[in-house]
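This is what each chain is made of:
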Amino acid sequence: MCYPVVVPEHDSEVLHREMLDRPVDERRYQGVVRPDKTVRWAVEQLALVEEKRRAGPSHLAALPGPLRELAELLTELGWDDLAALARREELRAYRKLDEPKPGAFAGRMVETMVALRRNLVEDGRYEEALAVADEQLAIDRHRSGQEETREWRTVLLTRLGRHEEALESAGAAVAELRAGLERAGLERAGRKSAGGAAAGLKLCHALTAFAERLDRVGRVAEAADATAEVLAFWRGQDDSRYQVARSLDELSDRLVRSGRGEEAYEVIVEVWPQLRRDDGYGELAEIWHNLAVRLLPLSHPRKALAAGSEAVRRHRARVHGAREQHRAVEERDDWDDDHRYAEWYLRERRRAELEESQERVRQAEQALREALRTLAACLRRLDRTDAAAAVEAEAASGSSSSAQ
């Protein structure tokens, strides 16, 4: 929630005491003590900031620290619009301090810009956050945080609906990382050296974002090629079964949508043994279902049946787990023991917790029904009509008994 800030008698770009006279939204509060205490601390910190302001330009170096602490308290309170005001004042102070010797405060300015961008994003002010990211990139040419800022720049352009610009931004990030790998002699992203692995991981994340933006603007075949490189990277890493499965899901989908169905089948078959090594207790259930749905129209019904059976098995485990968790939530009796909050709020939180838990059960059951229907379609394609009918009946009844 963004509260309007109206201070007619003061500069609206600078925080003043009356701006803190607002309620705390419990849903956004991030503190560990009672909200009223954090408000009191913020008021006291603002008083210190005002004292530093009155000291004049000769004491400017003493102002950014208190402003930063104030902004952190305001962020805890969920008042990102006010925190952004404090960050902007902190940034103006650093700019002034930086004038005699440009670059001396660049590191502090970048830290402030990162925090300011986060506040602006939380406040839904994406255009302003984008401007901050652009400025940060301009002054932060040789620092390690550039990759994250470039990623955020792409995300913000996407949220603003500027998809072609987001694609250009993501492509530039990939090109820059590739150039860095070449300069360092680490052409192969999956190289086992520490430097090669770290650089390869950054390139993998950048390629993932690039593929998403290519797909979004309709360049699906190019998105598939980028995703193939992502999958190759993850297959070379230890403990990356989830990433391998996710990349396979995206790649096979993009290959099918770009008219390369047989390539999709081949890559699924190639990665299949690696996926089967997963423990299978509810993990990757949706991905196995997606593979079954994808394989069936590719005229590979037996492989689709195997994927569909695996999906149903894992979805059953998810349903069982969701029901067990819901029972545990229902049986928990310490929900009203938190002395920090009023009883009405604890009751409301308890109600929301139960509803959320029940919704997870409902979603798991619905996903199982969909997986059962897909399994039935696979069975019918193989003329196993009796088995298909039994699975369809189970899907219609919502039962979770084993399908034959």
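Further up the page is the structure itself.
Residues numbered from 1 in each chain as written. Predicted model: local features only at pLDDT ≥ 70, side-chain atom pairs only at ≥ 80, totals over all residues. Heavy atoms only, no water.

Participant: Explain the packing of aromatic side chains here, please?
Facilitator: In this description, a pair of aromatic rings is defined by centroid distance and the angle of the planes. On inspection of all chains with the given rule, the structure shows four aromatic pairs. Pairing Trp-272 with Trp-288 gives two aromatic rings, centres 4.9 Å apart and planes at 85 degrees, and the pair type is edge-to-face. Of this pair, Trp-272 sits in helix α11 (residues 261-276) while Trp-288 sits in helix α12 (residues 285-295), and the two are 16 residues apart along the sequence. Taking the relative accessible area as the measure of exposure, Trp-288 reaches 0% and is therefore buried. Between Trp-344 and Tyr-345 the ring centres are 6.0 Å apart and the planes differ by 80 degrees, which places this aromatic pair in the edge-to-face class. In this structure Trp-344 comes out as exposed when scored by relative accessible area, which is 61%. Residue Tyr-345 is classed as buried on the basis of its relative accessible area, which comes to 15%. The positively charged end of Arg-22 is found above the aromatic ring belonging to Trp-79, 5.3 Å away from the centroid. The ring of Trp-272 carries Lys-303 above its face, with NZ or CZ at 4.1 Å from the centroid. (Phe/Tyr/Trp six-rings, centres within 6.5 Å; stacked < 30°, edge-to-face > 60°. Helix = DSSP H or I, 4+ residues; strand = E, 2+ residues; numbered from the N terminus. Buried < 20%, exposed > 50% of the residue type's maximum accessible area, 1.4 Å probe, protein only. Lys NZ or Arg CZ within 6 Å of the ring centre and 35° of its normal.)

Participant: Hey, could you run me through the pattern of salt bridges in this one?
Facilitator: Close approach of charged atoms lets side chains of opposite charge pair. Overall, the coordinates contain 46 salt bridges when judged by the stated rule. A salt bridge links Glu-127 to Arg-162; its shortest N-O distance comes to 3.3 Å. You can see Glu-127 sitting in helix α5 (residues 126-139) and its partner Arg-162 sitting in the loop between α6 (146-159) and α7 (163-183), a full 35 residues away along the chain. For Arg-162, a relative accessible area of 26% translates into the label partly exposed. Ionic pairing is found between Arg-153 and Asp-134, a salt bridge with its closest N-O pair at 2.5 Å. Of this pair, Arg-153 sits in helix α6 while Asp-134 sits in helix α5, and the two are 19 residues apart along the sequence. Linked through salt bridges whose partners overlap, the residues forming this network are Arg-88, Asp-123, Arg-125 and Glu-128. (Salt bridge = Lys/Arg side-chain N within 4 Å of Asp/Glu carboxyl O.)

Participant: Just checking my understanding: could you explain the side chain of Asp-215 for this structure?
Facilitator: Within the fold, Asp-215 resides in helix α8 (residues 194-216). In this structure the side chain of Asp-215 is engaged in a polar contact, spanning 2.9 Å, whose partner is the side chain of Arg-254. Separated by 2.6 Å, the side chains of Asp-215 and Arg-257 make a polar contact. (Polar contact = N/O pair within 3.5 Å; in protein donor to acceptor, adjacent residues only side chain to side chain.)

Participant: Can you help me understand the packing of α11 against α12 in this one?
Facilitator: For the pair α11 and α12, the least separation of the axes is 12 Å and the interaxial angle reads 150 degrees. As the angle between them shows, α11 and α12 are arranged roughly antiparallel. Once α11 is placed against α12, the crossing between them reads as left-handed. Across the interface between the two elements, Tyr-265, Ile-268, Trp-272, Leu-275 and Arg-276 of α11 pack against Trp-288, Leu-291 and Leu-295 of α12. (Axes fitted to C-alpha atoms, helices over the stretch in contact; angles between N-to-C directions. Parallel < 35°, antiparallel > 145°, perpendicular 65-115°, else oblique. Left-handed = near helix turned anticlockwise from the far one by under 90°. Contact = heavy atoms within 4.5 Å.)

Participant: In this structure, what is going on with the nonpolar core? I would like to understand it.
Facilitator: For soluble globular proteins, the rule of thumb is that nonpolar side chains tend to be buried together. Counting 55 residues, the largest nonpolar core has Leu-248, Val-267, Leu-275, Trp-288 and Leu-291 as the members making the most contacts within it. Top contributing element to this core by residue count: helix α14 (residues 343-381), with nine residues. Residues contacting Val-267, with those up to four places away along its chain left out, are Leu-231, Leu-248, Leu-251 and Leu-255. Leu-82, Met-109, Leu-130 and Tyr-341 belong to the second-largest nonpolar core, a separate cluster that totals 41 residues. (Core = buried A, V, L, I, M, F, W, Y, C linked by side-chain atoms within 4.5 Å.)

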